[in-house]
Amino acid sequence: MDTRGDTTDPQLQQFIEIESQKQRFQQLVHQMTDVCWEKCMDKPGPKLDSRTEVCFINCVERFIDTSQFILNRLEQTQRTRGPFSETIAD
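Residues numbered from 1 in each chain as written. Predicted model: local features only at pLDDT ≥ 70, side-chain atom pairs only at ≥ 80, totals over all residues. Heavy atoms only, no water.

S.K.: Help me get a handle on the packing of helix α1 (residues 10-40) against helix α2 (residues 50-80), residues and values and all.
M.R.: Packing of α1 against α2 leaves a shortest axis separation of 9 Å and a crossing angle of 140 degrees. Classified by the angle between their axes, α1 and α2 sit oblique to one another. For the pair α1 and α2, the crossing hand works out as right-handed. Of α2, the residues touching α1 (which contributes Leu28, Gln31, Met32, Val35, Cys36, Trp37, Lys39 and Cys40) are Thr52, Cys55, Phe56, Cys59, Val60, Phe63, Ile64 and Ser67. Taken together, the residues that form the contact of α1 with α2 break down as twelve nonpolar, three polar and one charged. (Axes fitted to C-alpha atoms, helices over the stretch in contact; angles between N-to-C directions. Helix = DSSP H or I, 4+ residues; strand = E, 2+ residues; numbered from the N terminus. Parallel < 35°, antiparallel > 145°, perpendicular 65-115°, else oblique. Left-handed = near helix turned anticlockwise from the far one by under 90°. Contact = heavy atoms within 4.5 Å. Nonpolar A, V, L, I, M, F, W, Y, C, P; charged D, E, K, R; others polar.)

Quick look at the structure:
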């Protein structure tokens, strides 16, 4: 057992980070599925009509675009630490 307390095994840290990323991805997929299903699916049937299929494709693409934009903005905010958070507070 490590009695130092302030050090963590780098492999354990990497494992935890990878598992956290997997969890975030699963949550994102679940959320996207819910949003797009509610938006596009009028009545479930044996096949998707072309209108519903196009709706799903557009919904998923917009969801991914929006998620990527938010992620990029958050990364930018973390790098600069300040200007974005001050804008929100105003």
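S.K.: Provide a residue-level description of α2, including the pertinent values.
M.R.: Since the α-helix turns once every 3.6 residues, residues separated by three or four places project in the same direction. End to end, α2 covers 45 Å across 31 residues, agreeing with the expected 45 Å (1.5 Å per residue, within 8%). Taken together, the buried positions of α2 are Thr52, Phe56, Cys59, Phe63 and Thr77. Positioned one or two residues after α2, Arg81 has a phi angle of 50 degrees, which is positive. (Expected span 1.5 Å × (residues − 1). Buried < 20%, exposed > 50% of the residue type's maximum accessible area, 1.4 Å probe, protein only.)

S.K.: Any details on the packing of aromatic side chains? Residues and values, ideally.
M.R.: What the rule picks out here adds up to one aromatic pair. Their ring planes at 45 degrees and their centres at 6.3 Å tell us that Trp37 and Phe56 sit as a pair that is tilted. Taken together, the residues Trp37 in helix α1 and Phe56 in helix α2 connect sequence positions 19 residues apart. (Phe/Tyr/Trp six-rings, centres within 6.5 Å; stacked < 30°, edge-to-face > 60°.)

S.K.: Tell me what's going on with the nonpolar core, and back it up with residues and numbers.
M.R.: Within the largest apolar cluster, seven residues are counted, these being Met32, Cys36, Cys40, Met41, Phe56, Cys59 and Phe63. Going through the elements one at a time, α1 and α2 are the ones with two or more residues in this core. The contact partners of Cys40, leaving out residues within four places of it in the chain, are Thr52, Cys55, Phe56 and Cys59. (Core = buried A, V, L, I, M, F, W, Y, C linked by side-chain atoms within 4.5 Å.)

S.K.: Explain the pattern of salt bridges to me, and be specific about the residues and the numbers.
M.R.: One side chain can pair with another of opposite charge once the charged atoms of both are near each other. Using the criterion set out here, one finds four salt bridges in the structure. Ionic pairing is found between Arg51 and Asp42, a salt bridge with its closest N-O pair at 3.1 Å. There is no split in this pair, since Arg51 and Asp42 are both exposed. (Salt bridge = Lys/Arg side-chain N within 4 Å of Asp/Glu carboxyl O.)

S.K.: Tell me what's going on with α1, and back it up with residues and numbers.
M.R.: Between its first and last C-alpha, α1 extends 44 Å over 31 residues, near the 45 Å set by a 1.5 Å rise per residue. Every buried residue of α1 is listed here: Met32, Cys36 and Cys40. On the buried face of α1, the contacting elements are α2. The distance from a side-chain oxygen at the start of α1 to the backbone nitrogen of Gln11 is 3.2 Å, and the residue carrying that oxygen is Asp9. (Polar contact = N/O pair within 3.5 Å; in protein donor to acceptor, adjacent residues only side chain to side chain.)

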